[in-house]
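# Secondary and tertiary structure notes
The residues making up each chain are set out below.
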Amino acid sequence: MIKLFRYLKHYKLQSILGPLFKLTEACFELIVPIVMAKIIDVGIASEDSSYVLKMGGVLVLLGVLGLAASLTAQFFAAKASLGFGTELRRDLFRHIGTFSHKEIDRVGSSTLVTRMTVDINQAQTGINMLLRLFLRSPFIVIGAIIMAFTISVKLTLIFLIASPLLALMIFLVMKLTVPMFKRIQKRLDKTTLMVGENLSGVRVIRAFSRQKDEEKQFKENADELLDLQIKAGRISALTNPCTYLIVYAAIIVIIWFGGVNVNIGGITQGELIALISYMNQILLALLAVALLVTSLTRAQASSARINEVFEIKPSITDEGNTTVEPDETAPAVCFENVSFSYHDNEEYALKDISFTAAKGETVGIIGGTGCGKSTLVSLIPRFYECSSGSVKVKGSSVKIYPFDQLRGLIGYVPQKAELFRGTIRDNMRYRKRDATDEEITEALDIAQALSFVSEKPDGLDTVLVSGGKNLSGGQRQRLTVARALVGRPEILILDDSASALDLATDAALRKAIAAKTEGMTVFIVSQRVSSIRYADKILVLDDGVLAGIGTHEELLQGCELYSEICQSQQYTDGKGAAQ
Amino acid sequence: MKQKNPSVLKPLMRYVKPHMGLLFVSLIFAVISVAATLYAPILVGDAVDLIVTKDNVDFDGVRAVLIKLGITVAITAAAQWLMSLCTNKVTYYAVRDLRNDAFSNLQKLPLSYIDGTKQGDMISRLVSDIENVSDGLLMGFAQLFTGLVTIVGTLGFMLSINVRITLVVVFITPLSLFVARFISRNTFRLFKRQTEARGELTALAEEMVGSAKTIKAFSYQQEAEKRFEEDNQKLRSVWVRAVFFSSLTNPCTRFINGLVYTFTGIVGAFTAIGGGFTVGQLSCFLTYANQYTKPFNEISGVITELQSALAAAGRVLDVINEPCEKPDADDAYVLEAPDGTLRAENVRFSYVPEVPLIEDFSLDVKSGQHIAIVGPTGCGKTTFINLLMRFYDVTGGQIIVSGKPINECTRSSLRSSYGMVLQDTWLKTGTIKENIAYAKPDATMDEIVAAAKSAHCHSFIKRLSDGYDTVITEDGGSLSAGQKQLLCIARVMLSLPPMLILDEATSSIDTRTEILIQRAFTKMMQGRTSFIIAHRLSTIRDADCIIVMRSGHIVEQGTHDQLMTAGGFYASLYNSQFES
């Protein structure tokens with residue numbers, strides 16, 4: 001958590017003033033018993049009502065000042081903690097933005113989202129608590145001890161023994177219960193998993209009539225959860241009674257030795273009452289700490305997770321790259337002996353790949369899952385860095401391009417059809433921020449999406465919900481194709497982007513791309529022979545190795561794997577009989 | 001349905017009932033602990049009264065009082081602990097039973113209900129809502145009870161000492177309640193706006209970070225940062241106010257407490273001067289003044305918690321009270337070794353009455369025939385499976401398996417007559433062994449290996465670090481889509497029922513695995529009545545009957561040649577495959 005304190009630096013004033021005002025409030029609160037003691041010792045003893053009233057006035061004044069101080073403290077704490085959260089959120093967002101695909105793969109984007117949201121909120125609440133409440137309790141404890149000291153040095157000894165004892169007790173309970181609560185959380189997570197699994201697998205479970213067994217397993221988990229909860233509850237239920245016991249033991253000792261002291265004229269009756277009040281104040285302050293510690297531990301854990309993300313450094317940057325003068329005569333894309341592995345020193349996902357794609361050519365890439373098709377095309381926009389060899393776009397290595405320029409040349413359609421909240425028009429402007437409706441319509445037309453978009457009552461203004469979930473899978477996929485086409489990229493990459501389309505739409509899409517995107521270099525990654533059959537060049541990948549390269553006809557003759565794939569898909573060219 | 005709250009509390013009591021005795025004991029302990037807590041300040045006051053001035057201390061008296069105090073404190077602590085133990089026990093047991101009931105009802109709910117519920121919603125009902133019930137309702141109840149007892153007890157004790165000062169305390173205290181109420185009412189609006197703003201920001205972060213790869217592909221990072229920062233700042237200003245105003249409650253009520261304390265002190269001092277009051281009693285009153293206001297502050301918090309817990313309990317009970325699937329009739333027929341024939345007679349079906357999907361559908365399947373179901377994505381092919389497996393019941397007509405109308409058979413015997421492999425591969429968290437043996441948990445290792453071998457997954461399982469004991473994590477984890485599907489096939493292979501429902505993969509399966517899957521399918525289908533959601537031309541052409549579906553409806557039905565000659569939807573679908 002301390003590492004994140006740097007985000008308070010713009011709120012130094014507030015972070016210092018907040019606790020300071022809290023301290024002031026605590027001081028006021030600590031003066032109260034002394035004043036009360038005066039009322040008893042002076043006012044009542046000498047039956048002086050005006051003195052009682054005067055001191056009463058002092059008490060009210062202390063209360064008002066305390067209120068003012070505490071409100072100021074709350075205000076500063078709110079300002080500082082929210083400032084902290086806001087800046088942290090912005091920086092973390094920016095930091096995540098610098099990650100390359102490698103880092104995103106490693107951490108996982110859902111984890112990153114949790115860090116961005118839940119964890120930052122926890123840390124922010126933690127800071128707020130820390131500034132507002134946490135410092136108050138030690139103030140009160142220390143202050144109460146000091147005040148006791150001014151009354152009687154000897155009797156303060158009791159405070160000095162009781163306070164560490166209380167702290168030790170709270171610490172022990174925490175130490176015992178925190179791991180138990182973690183295990184409880186794990187069981188709860190398992191409950192979540194089981195419910196989710198049962199819902200998604202409901203058909204299979206019922207098909208096999210396994211409902212009873214699922215119930216049994218769930219109950220076993222529930223029993224274990226119960227067991228843990230009762231055990232942890234037994235210990236954590238000790239906190240309050242133990243604190244109470246220790247404090248009252250101290251009060252008994254104070255009364256006894258206080259009595260001895262009063263008897264010899266050391267302290268007065270009113271001062272004895274003040275000492276008892278101080279002990280009671282310590283009791284209340286410590287009970288508050290016990291409550292706070294839980295949320296602070298949580299904030300601590302969140303901070304650690306946030307720091308983990310900050311410690312990840314992007315493995316690919318475009319720092320220092322300046323705009324490249326593209327060579328229009330060079331091939332659009334050129335791979336020279338490219339090898340790549342996802343993790344260093346691991347098996348290569350791609351091995352020694354070389355090929356060129358001239359401007360305007362269509363390149364099909366086929367092969368089994370995990371053979372490296374997607375990996376290959378994701379090297380072109382430099383999502384990953386090749387381990388050896390070089391990837392060139394328009395004559396220059398992708399490494400010397402600024403990201404914006406390189407990716408600006410490319411229209412990329414990812415496997416997963418991800419759309420964003422906003423209108424269809426907003427979504428169509430991701431590649432080209434200022435695209436006109438004509439440009440968008442043209443792209444939609446090529447992507448076979450124009451008909452369903454224009455059937456929508458709001459057309460381009462149709463609002464998509466998160467992830468575009470108000471569209472069917474096929475519609476989403478066609479929109480992602482259109483999105484990549486807006487502004488006519490020079491290189492179009494379709495990474496298995498037709499999987500949710502039925503065969504007819506898939507065919508129409510390919511036809512339109514071929515007809516209407518003259519001069520565009522197109523990469524089509526697919527599992528289906530029919531999708532890449534008419535490409536100018538087909539790359540056949542087998543386990544990261546280029547098993548063949550050529551046209552459909554050439555490969556049918558010369559590439560065993562390719563003809564095997566054609567056979568398995570019963571691909572017959574549409575003319576002859578089944579093979 | 002009729003009234004909201006009683007309908008929640010009453011069924012909820014059912015879960016507490018078995019522990020009524022314990023609950024009662026816990027209430028007794030609560031009363032004891034409160035009484036003892038309140039008695040302690042009186043004893044402290046008594047002791048202080050015996051310690052007056054120099055040479056005026058009654059040590060014998062003090063000793064006697066302190067011994068009493070010691071015993072009281074010990075009783076308090078013990079009662080507090082025992083009370084917590086009892087409430088914990090009642091709470092955790094009740095909550096476990098509640099959760100188990102909800103889960104077991106989930107197993108019996110009709111598919112239509114489950115299909116219509118969002119998974120996340122159901123999870124939050126069974127997990128966080130139930131936690132809410134335990135924290136808010138049951139624990140809250142204990143807190144509420146002790147709070148009330150404390151208030152009543154304090155009042156009683158104070159009245160027994162001095163009526164006038166008691167009145168002072170009684171009249172000022174509710175002030176803090178008013179202040180708290182005032183603040184929370186005014187912050188509620190702010191909190192709502194803050195929740196909205198936070199939701200907005202979370203959604204944006206989820207999108208922009210969750211889809212980081214797409215963002216990168218379009219160099220959209222800077223734009224995203226700009227949008228994020230805008231929302232971030234908007235949230236900040238709302239949030240600061242919400243946090244500040246809500247944090248006012250504590251200092252304000254503390255201020256009121258201070259006032260109560262002061263007035264008690266002043267009035268007490270005057271009374272003491274008048275002689276109607278000892279100093280010890282005053283000190284006792286001062287402690288009470290602090291104690292009396294505390295439960296008031298707590299109760300206002302507990303009540304909000306209770307409300308949200310009641311709402312949560314309502315959501316959980318909704319799941320429990322949701323009507324289950326109609327249970328099998330007592331005399332339901334148990335399908336044994338069905339002969340593989342199936343007849344659909346004038347079947348009608350619709351998910352919602354207004355949109356009839358299947359009307360007057362008839363089909364006669366002989367044993368061992370293969371039926372292909374084809375159509376574009378999203379045409380409702382799963383509807384067909386839903387009816388065959390009786391996940392949904394037909395709205396008209398009937399389906400007859402092996403000469404028996406399926407509505408008259410037990411569901412489990414009907415369902416176990418089919419081997420089902422869906423494209424949406426579902427595996428359970430657990431070992432591979434457990435997954436293959438899912439249909440037959442007592443299968444021997446030999447049977448499992450045999451099934452795995454015939455589904456062509458033995459070789460890749462062997463290559464995994466723990467072989468058959470490899471644990472499959474959430475949603476298959478490290479296995480490829482194809483491997484998962486092979487495991488699902490192995491699961492069916494183990495028992496291999498006389499009828500099959502198969503879903504051919506469209507994509508994301510590599511060619512070699514697909515060949516394996518195809519071989520496994522072919523092997524299974526031999527001599528078995530099979531319904532195949534088909535994507536492969538060979539499967540379709542070789543089928544004995546093709547059912548063509550389009551937007552939920554069955555539009556055509558016949559053999560390949562018949563349908564091609566008819567030149568309808570199927571023909572155009574078939575031809576489109578070869579356009580380029």
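Just so it is clear, the model here is predicted, and its values are computed rather than measured.

Calculation rules
Residues numbered from 1 in each chain as written. Chains lettered and ligands numbered in written order. Predicted model: local features only at pLDDT ≥ 70, side-chain atom pairs only at ≥ 80, totals over all residues. Helix = DSSP H or I, 4+ residues; strand = E, 2+ residues; numbered from the N terminus. Rg over C-alpha atoms; globule rule 2.2 N^0.38 Å. Buried ≥ 20, exposed ≤ 12 C-beta atoms within 10 Å, placed from the backbone. Contact = placed C-beta atoms within 7 Å. pLDDT = per-residue confidence, 0-100. Pairing = 2+ DSSP bridges. Nonpolar A, V, L, I, M, F, W, Y, C, P; charged D, E, K, R; others polar. Domains from an automatic or database assignment. Axes fitted to C-alpha atoms, helices over the stretch in contact; angles between N-to-C directions. Core = buried A, V, L, I, M, F, W, Y, C linked by C-beta atoms within 7 Å. Parallel < 35°, antiparallel > 145°, perpendicular 65-115°, else oblique. Left-handed = near helix turned anticlockwise from the far one by under 90°.

### Structural notes on the overall build of chain B
- Across its full length, chain B carries 21 helices and 14 strands.
- Here the C-alpha atoms of chain B give a radius of gyration of 36 Å, more than 25% beyond the 25 Å that 2.2 N^0.38 yields for 580 residues.
- Expressed as lengths along the three principal axes of its C-alpha atoms, the size of chain B is roughly 120 × 60 × 55 Å.

### Considerations on the overall build of chain A
- A tally of regular secondary structure across chain A gives 20 helices and 12 strands.
- For a compact globule of 579 residues, the expected C-alpha radius of gyration is about 25 Å, and chain A comes in at 36 Å, more than 25% above that figure.
- Projected onto its principal axes, the C-alpha coordinates of chain A cover approximately 120 × 60 × 55 Å.
- For chain A, with 579 residues in total, the buried portion stands at 48%.
- Considering only contacts within chain A whose residues lie at least 6 apart along the sequence, 77% involve residues at least 24 apart.

### Topic: the confidence of the model for chain A
- Per-residue pLDDT for chain A averages 85, and the proportion of residues at 70 or more is 96%.
- Below pLDDT 50 for its whole length, residues 574–579 of chain A participates in 7 contacts with residues either more than four positions away or in separate chains.

### Comments concerning the sheet that holds strand 6 (residues 396–401) of chain B
All names here are of chain B.
- Spatial strand order, 4-3-6-7: 4 strands in an open sheet with antiparallel pairing. Either end of the sheet is taken by a strand with one partner, and the two such strands are strand 4 (358–365) and strand 7 (404–405).
- Note that strand 3 (residues 342–349) and strand 6 share 5 bridges and pair antiparallel. Bridged to Glu345 within strand 6 is Gln398.

### As for the environment of Ile448 of chain B
Residues and elements named next belong to chain B.
- Checked against the element boundaries, Ile448 lands in helix 15 (residues 445–454).
- Given 24 C-beta atoms within 10 Å, Ile448 falls into the buried group.
- On a C-alpha basis, the gap between Ile448 and Leu494 in space is 6.7 Å, while along the polypeptide they are 46 residues apart.
- Apart from residues no more than four positions distant in its own chain, Ile448 is found in contact with Lys433, Ile436, Ala437, Ala443, Tyr468 and Leu494.

### Side note on the interface of chain A and chain B
- In this complex, chain A contributes 132 residues to the contact, which on the side of chain B involves 124 residues.
- Take the side of chain A that touches chain B: its biggest share by element is 23 residues, from helix 2 (residues 49–97) of chain A.
- Of the residues belonging to the side of chain A that touches chain B, the class tally is 62 nonpolar, 45 polar and 25 charged.

### Section: the domain arrangement of chain B
- According to the domain assignment, chain B consists of domain 1 (1–162 + 302–325), domain 2 (163–276) and domain 3 (424–496).
- For domain 2 of chain B versus domain 3 of chain B, the distance between C-alpha centres works out to 54 Å.

### A short note on the sheet that holds strand 8 (residues 418–421) of chain B
Residues and elements named next belong to chain B.
- Pairing within the open sheet is mixed, and its 6 strands lie in the order 8-11-12-5-13-14. Among the strands making up the open sheet, the edge pair consists of strand 8 and strand 14 (553–558). Recorded for the sheet is a direction-independent mean angle of 15 degrees between the axes of neighbouring strands.
- In terms of strand pairing, strand 13 (residues 545–550) meets strand 14 through 5 bridges, oriented antiparallel. The residue bridging Val548 from the neighbouring strand is Glu556, located in strand 14.

### Some points on the nonpolar core
Residue and element names in this part refer to chain B.
- Grouped together as the largest cluster of nonpolar side chains are 328 residues, with contacts concentrated most on Ile373 and Ala490.
- The element that contributes the greatest number of residues to this core is helix 3 (residues 59–106), accounting for 18 residues.
- Not counting residues up to four positions away in its chain, the partners in contact with Ala490 are Ile436, Ala451, Ala452, Ala455 and Cys457.

### Let's talk about the confidence of the model for chain B
- Scored by pLDDT, chain B has a mean of 82; 94% of the residues are at 70 or more.
- ipTM for the predicted complex: 0.79, alongside a pTM of 0.71.

### Observations regarding unusual backbone geometry
- Look at Arg382 of chain A: it is not a glycine, yet its phi comes out positive at around 60 degrees.
- Within the secondary structure layout, Arg382 of chain A lies in the loop between helix 11 (373–378) and strand 4 (388–393).
- With a phi close to 60 degrees, Arg390 of chain B is a non-glycine residue in the positive phi region.

### A short note on the packing of helix 1 (residues 12–44) of chain A against helix 2 of chain A
Residue and element names in this part refer to chain A.
- In contact at an axis separation of 8 Å, helix 1 and helix 2 are set at 165 degrees when each is read in the N-to-C sense. The angle between the axes of helix 1 and helix 2 places the two elements in the roughly antiparallel class. Handedness of the helix 1/helix 2 crossing: left-handed.
- Within the contact of helix 1 with helix 2, the residues separate by chemical class into 20 nonpolar, 8 polar and 5 charged.

### What about the pairing of strand 11 (residues 499–503) of chain B?
Residues and elements named next belong to chain B.
- Taken across its 5 residues, strand 11 has 5 buried, putting it largely inside the fold.
- Burial along strand 11 is two-sided: Met499, Ile501 and Asp503 facing one way and Leu500 and Leu502 facing the other are all buried.
- Pairing of strand 8 with strand 11, which is carried by 4 bridges, proceeds in the parallel orientation. Bridge pairing in strand 11 links Gly419 to Leu500.
- Judged from the 5 bridges that link them, strand 11 and strand 12 (residues 529–533) form a sheet pairing that is parallel. Across the sheet, the residue bridging to Leu500 is Ser530, located in strand 12.

### Overview of the environment of Tyr7 of chain A
Residues and elements named next belong to chain A.
- Relative to the helices and strands, Tyr7 resides in the segment before helix 1.
- A count of 23 C-beta atoms within 10 Å places Tyr7 in the buried class.
- Considered as a pair, Tyr7 and Ile39 are 32 residues apart in the sequence and their alpha carbons are 48 Å apart.
- When sequence neighbours within four positions are dropped, the list of residues in contact with Tyr7 reads Phe84, Glu87 and Leu88.

### What about the environment of Thr76 of chain B?
- Considering the arrangement of structural elements, one finds Thr76 of chain B in helix 3.
- Once the C-alpha coordinates of Thr76 of chain B and Ser33 of chain B are considered, the two residues, 43 residues apart in sequence, prove to be 4.6 Å apart.
- Those residues in contact with Thr76 of chain B, other than ones at most four positions away along the chain, are Tyr244 of chain A together with Ser33, Ala36, Thr37 and Ala40 of chain B.

### Remarks on the packing of helix 5 (residues 136–151) of chain A against helix 6 (residues 153–200) of chain A
All names here are of chain A.
- For the pair helix 5 and helix 6, the least separation of the axes is 8 Å and the interaxial angle reads 160 degrees. On the basis of the axis angle, helix 5 is roughly antiparallel to helix 6. Here Val141, Ile145, Ala148 and Phe149 of helix 5 lie close against helix 6, whose contacting residues are Val153, Leu155, Thr156, Phe159, Leu160 and Ser163.
- Classifying every residue of the contact of helix 5 with helix 6 gives 8 nonpolar, 2 polar and no charged.

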